[in-house]
Amino acid sequence: MIADAKQRAAAIDVTQSCIVQAPAGSGKTELLIQRLLALLAEVDRPQQILAITFTRKAAGEMRHRLLEALTTAQNEPCPDLPHEAKTWDLASRALNKQGADLLRNPAQLSIQTIDSFNASLVRKMPWLSRFGALPELADDAETLYLQAAEQLLKRLDSAGVGSEQLRLLLGHLDNQVGYLQKMLVDMLKRRDQWLRYLLRNGDDPRATLEAGLERLVVDQLSGLQSVFPLSLTDDLLFCGRFAAANRDDEVLAPLVELEQLPRIELTELCCWQAIASLLLTTEGKLRKTVNVNTGFPAGAANSAAKKQMTDLLKALSGESAFVERLAQIRHLPGDGYRESQWQILQSLVELLPLLVAELWLVFRRQGKSDYAAIALQAKEALGAADNPTELLLRTDSDLQHILVDEFQDTSWLQYELLTVLTSGWQAGDGRSLFLVGDPMQSIYRFREAEVGLFLRTFTGQLGVEGPRLQPLQLSCNFRSQQGIVNWVNQTFAQIFPPQVDIATGAVPLAVATAVKPQLNGSACVLHPFNGRDDQAEAEQVVQLVKQAQLERPGKSVAILVRGRNHLQSILPLLRQHKISYQAQDIDLLGARPAALDVLNLCRSILQRADRLAWLSVLRAPWCGLSLSDLYALVVDAPKTTLPRLLADEQRIATLSTAGRLAVGRIWPLLQRAMARRGRLPLRELIEGVWLALGGPVCYDAEGVADAQLVFGLIESLEQGGELTDLALLEKGINNLFAAADSDIDETLQVMTIHKAKGLQFDTVILPGLGKS
């Protein structure tokens, strides 16, 4: 029997709604499949079940695993392993209920990403959602955000709405227009977080924001009080009064007449911060000694008080949770906004709705949208629990069961959408909600995921009116051997916070139980260095790779790093030792020669005066002019464009024989390309001249693949055979990654830790752990 067998059985009981915390390696995907199969054996139609994931890859894997289970149950006998037999039995029941048509038409299965589900809602109610036909979704909408910010900034030139607020903000930012534009773009990326607050009718923005600050302070103070060592109260109050009386300091002044612990209120924050100043150093560490500077002068008359303070500090040295929370409250905001602060913030509050309006105009002109807009309109299309739209009523009648994977990565907007979908569900009405995730694996906060939503929901309910949820916690780890599981349990217990904090998203460690036995040798080995030595680390990594491949041939090895710059010494050394590897999203396209050559070719065709681009084209492998020939071409002509110099036969005659032949071959091709500019789609023009120049034979397969990525980027950015802004092309290249070489053996994988989420390897190497 496995340790969490009861929890797993409860998780596939389709009569119950539940939320499952499933740590890494706990078999979460198989549990989801089993729940889906159990539901298919109960519902009349597969469409009554909705399974939501957050990535296309996860949705594809879920669909594949489900169909695989159904196919196995149809064609093969029941397996011997208990968990496989359970899946086989559930799949058999699902086939008996739904019939073989389920396998012939798997499109009946509604397994979608949250974005595709939102899009389907908008598609059903185009009028309510204010979209007409569904617009094209921009994977990288930053160019659209930039256009909206530029349109808003144009209001500076008028006396209309928003001009005064813009002037005030620019004055606050020392007239740095570029910086203000960047801030506006960043706000647009996160508008699903703040827009709902700004558009509330009748709300006083200042009162709302200051109330939020007060709630933050009260929550933090409540957490501090919960870990306060009450037995030390009298000593603390005495030492506080003594120090405040002997030190002329505004910070300690609230302690002068303090007779009891401060209350948990915003007005008492200054007292708590005075206690923090008394006990902690400026770095937030507990004081080790006290002296006249801390309010305890030397002398026999003060020795008793000084000893009492020293004893207090010794007693607090064992109260790490209290010291940590005390350090945090030193930085909490005080009593709301000063007038000067509010004036700036009010300008922003008044400008942001105008900024969103400008973005809508950009979306309409371009026929494009972003995922946040689709999500916002999907929520609008559903309405609210107390004011449902026809779409919500129809969806509610069709939808019986919802499953959500990776629930720890849910944003507020997605959470609200789910709350509206399940509002009014009652216990015993035959409908169920199944949420599964792991708050310890919440790594997408930069994408507005809020792990606190998982922690809040794990207390037993989704929203205010949602279904009651049975909280279940899995503990078995089927992936790693016992040695690794034990090491993680012991090591991370020192790192994770001791208790849940919903406001900050603090997640305690969930201790795991290993299912696989311990292997011989050390499970986890640390290779420390005395100080930073990237080259020595790289050599150690290469040695570990060789050792793993020798001792366990054919087994997978992964080098995982926090940031790509941690690989600067490792990758060259792997190549030097002729160790092949496959890199996932590691090499930026902007650092690859073939991509840069195509970029310069495009710049030269579009910008005749771009000297650097033209020189790069002449230096590229399809022409290969020597440096001496390049110098002879441009010498004494600093202000003449390269096309004019290339058309000068006398100047061309000064080049070497090889140089004259190369220019004679490529110059007519470039001339023809410039003449056809605007007559052809830009991708067709640039790719055509690249082919004519002999681009494909100048690079290996990786280089040709890189060039194709750039052509695709040009196609996505062009408008009417032109680029509105060349900088967007350069930015796009610097944000794209070169494709991994599919011909290379996948035994050794190199990727970031974020990219490795959900994958598994036989040996894992983590370099750069000493870096900040």
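## Quick look at the overall build of the protein
Then, in step 1: The secondary structure content of the protein amounts to 34 helices and 16 strands.
Then, in step 2: C-alpha extents for the protein along the principal axes are approximately 100 × 80 × 65 Å.
Then, in step 3: Restricting to contacts in the protein with at least 6 residues of sequence separation, those with at least 24 account for 75%.
Then, in step 4: Treating the 78 positive side-chain charges of the protein as one cloud and the 89 negative ones as another, the clouds have centres 3 Å apart.

## A short note on helix 27 (residues 627-634)
Then, in step 1: Taken residue by residue, helix 27 has Asp-629, Leu-630, Leu-633 and Val-634 as its buried positions. Take helix 27 and look down its axis: the buried residues cluster within an arc of 120 degrees, on one side only. When the buried face of helix 27 is taken as reference, the exposed residues oriented beyond 90 degrees from it are Leu-627, Ser-628 and Tyr-631.
Then, in step 2: Buried residues belonging to helix 27 abut helix 26 (611-619), helix 28 (642-646), helix 29 (649-653) and helix 30 (657-675).
Then, in step 3: Taken from the residues just after helix 27, Asp-636 is the one with a positive phi, measuring 65 degrees.

## With respect to the sheet that holds strand 16 (residues 763-765)
Then, in step 1: Strand order in the open sheet made by the four strands is 14-15-13-16, with parallel pairing throughout. At either margin of the open sheet sits one strand with a lone partner, and together these are strand 14 (582-583) and strand 16.
Then, in step 2: Relative to strand 16, strand 13 (residues 557-561) is paired through three bridges, and the arrangement is parallel. Its bridge partner being in strand 16, Ile-559 is matched across the sheet by Ile-765.

## What to know about the packing of helix 10 (residues 177-189) against helix 17 (residues 339-366)
Angle between the axes and distance between the axes: these two values describe a pair of packed helices.
Then, in step 1: Helix 17 packs onto helix 10 with a crossing angle of 75 degrees between their chain directions and a minimal axis gap of 11 Å. When the axes of helix 10 and helix 17 are compared, the pair comes out roughly perpendicular. For the pair helix 10 and helix 17, contact is made by Leu-184, Met-187 and Leu-188 and by Leu-352, Leu-355, Val-356 and Leu-359, respectively.
Then, in step 2: Considering only residue class, the contact of helix 10 with helix 17 consists of seven nonpolar, no polar and no charged.

## A word on the sheet that holds strand 2 (residues 49-53)
Then, in step 1: Spatial ordering of the open sheet is given by 3-2-8-9-1-10, a layout of six strands whose pairing is parallel. Two strands lie at the open edges of the sheet, namely strand 3 (110-113) and strand 10 (470-473), each paired on one side alone. Averaged over all pairs of adjacent strands, the angle between their axes in this sheet comes to 15 degrees, without regard to strand direction.
Then, in step 2: Of the pairings in the sheet, the one linking strand 2 to strand 3 comprises four bridges and is parallel in character. Following the sheet pairing, Ala-51 is matched in strand 3 by Ile-111.
Then, in step 3: Where helix 2 (residues 28-40) meets the sheet, it contacts strand 1 (18-21), strand 2, strand 3, strand 8 (401-404) and strand 9 (432-437), and its direction lies at approximately 170 degrees from that of strand 9.
Then, in step 4: Seen against the sheet, helix 6 (residues 114-124) touches strand 2 and strand 3 and runs at an angle of roughly 105 degrees to strand 3.

## Brief notes about the pairing of strand 8
Then, in step 1: Taking every second residue as pointing to the same face, both faces of strand 8 are buried, with His-401 and Leu-403 on one and Ile-402 and Val-404 on the other.
Then, in step 2: Note: strand 2 against strand 8, four bridges, orientation parallel. Opposite Ile-49, over in strand 8, you have His-401 as the bridge partner.

## Side note on the pairing of strand 15 (residues 748-752)
Then, in step 1: Of all five residues in strand 15, five are buried; the element is thus mostly enclosed.
Then, in step 2: Side chains Leu-748, Val-750 and Thr-752 project from strand 15 onto one buried face, and the interleaved Gln-749 and Met-751 project onto a second face that is buried too.
Then, in step 3: Sheet analysis places strand 13 next to strand 15, joined by five bridges and oriented parallel. For Ile-559, the partnering residue across the bridge sits in strand 15 and is Val-750.
Then, in step 4: Pairing of strand 14 with strand 15 involves two bridges; the strand directions are parallel. Residue pairing in the sheet places Gln-582 in a bridge with Gln-749 of strand 15.

## Details of empty space enclosed by the protein
Then, in step 1: Applying the stated criterion across every chain, the model contains four cavities of 30 Å³ or more.
Then, in step 2: Counted as a void, the largest cavity has a volume near 60 Å³.
Then, in step 3: Lining the largest cavity are Ile-52, Phe-54, Ile-114, Val-404, Phe-407, Thr-410, Gln-414 and Leu-418.
Then, in step 4: By volume, the second largest cavity amounts to about 40 Å³.
Then, in step 5: For the second largest cavity, the full set of lining residues is Leu-36, Leu-40, Pro-46, Ile-49, Leu-109, Ser-110 and Ile-111.
Then, in step 6: Mapped by element, the contributors of at least two residues to the lining of the second largest cavity are helix 2 and strand 3.
Then, in step 7: Across the lining of the second largest cavity, the residue classes tally to six nonpolar, one polar and no charged.

## What about the pattern of salt bridges?
Then, in step 1: Using the criterion set out here, one finds 31 salt bridges in the structure.
Then, in step 2: The salt bridge involving Arg-8 is made with Asp-4; its shortest N-O contact spans 2.8 Å. Taken as a pair, Arg-8 and Asp-4 share a single burial class, namely buried.
Then, in step 3: In this structure, the salt-bridge partner of Lys-28 is Glu-406, at a minimum N-O distance of 2.8 Å. Placement of the pair is Lys-28 in helix 2 and Glu-406 in the loop between strand 8 and helix 20 (412-422), with a sequence separation of 378 residues.
Then, in step 4: What you see here is one network of salt bridges that share partners, running through Glu-142, Lys-182, Asp-186, Lys-189 and Lys-731.

## Quick word on the nonpolar core
Then, in step 1: One finds Leu-601, Leu-618, Trp-622, Leu-633, Leu-670, Ile-686 and Leu-729 to be the most contacted residues of the largest nonpolar core, which totals 53 residues.
Then, in step 2: Sorting the residues of this core by element identifies helix 25 (593-606), helix 26, helix 27, helix 28, helix 30, helix 31 (682-693), helix 33 (701-717) and helix 34 (726-735) as the ones contributing at least two each.
Then, in step 3: Excluding anything up to four places from it in sequence, Leu-601 contacts Val-617, Trp-622, Leu-670, Ile-686, Val-689, Trp-690 and Leu-693.
Then, in step 4: Counting 39 residues, the second-largest nonpolar core is a separate cluster that includes Leu-255, Phe-296, Leu-313 and Leu-326.

## Details of the confidence of the model for the protein
Then, in step 1: For the protein, the mean per-residue pLDDT works out to 88, and 97% of the residues sit at or above 70.
Then, in step 2: By mean pLDDT, the top-scoring element of the protein is strand 16 (96), and the lowest-scoring one is helix 7 (residues 126-129) (61).

## Considering the environment of Ala-276
Then, in step 1: You can see Ala-276 is positioned in helix 14 (residues 269-279).
Then, in step 2: Each C-alpha atom of the pair Ala-276 and Ala-493 lies 26 Å from the other, and the pair is 217 residues apart in sequence.
Then, in step 3: Non-local contacts of Ala-276, meaning those with residues more than four positions away in its chain, are made with Leu-326, Ile-329 and Arg-330.

## Considerations on the packing of helix 14 against helix 16 (residues 320-329)
Then, in step 1: Contact pair helix 14 / helix 16: the axes reach a minimum separation of 9 Å and the direction vectors enclose 120 degrees. Taken together, the axis directions place helix 14 and helix 16 in an arrangement best described as oblique. Helix 14 and helix 16 meet at a crossing whose hand is left-handed. Note on element contacts: helix 16 touches helix 14 through Phe-322, Leu-326 and Ile-329, opposite Leu-269, Trp-272, Gln-273, Ile-275, Ala-276 and Leu-279.
Then, in step 2: Along the lines of polarity and charge, the residues of the contact of helix 14 with helix 16 split into eight nonpolar, one polar and no charged.

## Some remarks on the packing of aromatic side chains
One pair of aromatic rings is described through two measures. These are the centre distance and the angle between the planes.
Then, in step 1: This model, assessed by the stated rule, comprises 14 aromatic pairs.
Then, in step 2: With a centroid separation of 5.2 Å and an interplanar angle of 85 degrees, the aromatic rings of Phe-228 and Phe-322 are classed as edge-to-face. Here Phe-228, found in the loop between helix 12 (205-226) and helix 13 (233-245), pairs with Phe-322, found in helix 16; they are 94 residues apart in sequence, far enough to count as distant. Residue Phe-228 shares its accessibility class with Phe-322, and that shared class is buried.
Then, in step 3: Taking the centre distance of 5.3 Å and the plane angle of 25 degrees together, the rings of Phe-242 and Phe-296 count as stacked. Remark: Phe-296 occurs in the loop between helix 14 and helix 15 (303-316) and Phe-242 occurs in helix 13; sequence separation between them is 54 residues. Each of the two residues, Phe-242 as well as Phe-296, counts as buried.
Then, in step 4: Within the aromatic cluster, the residues linked to one another by ring pairs are Phe-407, Trp-412, Tyr-415, Phe-454 and Phe-458.

Rules behind the numbers
Residues numbered from 1 in each chain as written. Predicted model: local features only at pLDDT ≥ 70, side-chain atom pairs only at ≥ 80, totals over all residues. Heavy atoms only, no water. Helix = DSSP H or I, 4+ residues; strand = E, 2+ residues; numbered from the N terminus. Contact = heavy atoms within 4.5 Å. Lys, Arg positive; Asp, Glu negative; His and termini not counted. Charge placed at Lys NZ, Arg CZ, Asp CG, Glu CD. Buried < 20%, exposed > 50% of the residue type's maximum accessible area, 1.4 Å probe, protein only. Arc of directions from axis to C-beta. Pairing = 2+ DSSP bridges. Axes fitted to C-alpha atoms, helices over the stretch in contact; angles between N-to-C directions. Parallel < 35°, antiparallel > 145°, perpendicular 65-115°, else oblique. Nonpolar A, V, L, I, M, F, W, Y, C, P; charged D, E, K, R; others polar. 1 Å grid on protein atoms, 1.4 Å probe; cavity = no way out; pocket = protein on both sides within 12 Å on 5 of 7 lines; lining within 4 Å. Points joined across faces, edges and corners; volume = space filled by probe spheres on them. Salt bridge = Lys/Arg side-chain N within 4 Å of Asp/Glu carboxyl O. Core = buried A, V, L, I, M, F, W, Y, C linked by side-chain atoms within 4.5 Å. pLDDT = per-residue confidence, 0-100. Left-handed = near helix turned anticlockwise from the far one by under 90°. Phe/Tyr/Trp six-rings, centres within 6.5 Å; stacked < 30°, edge-to-face > 60°.

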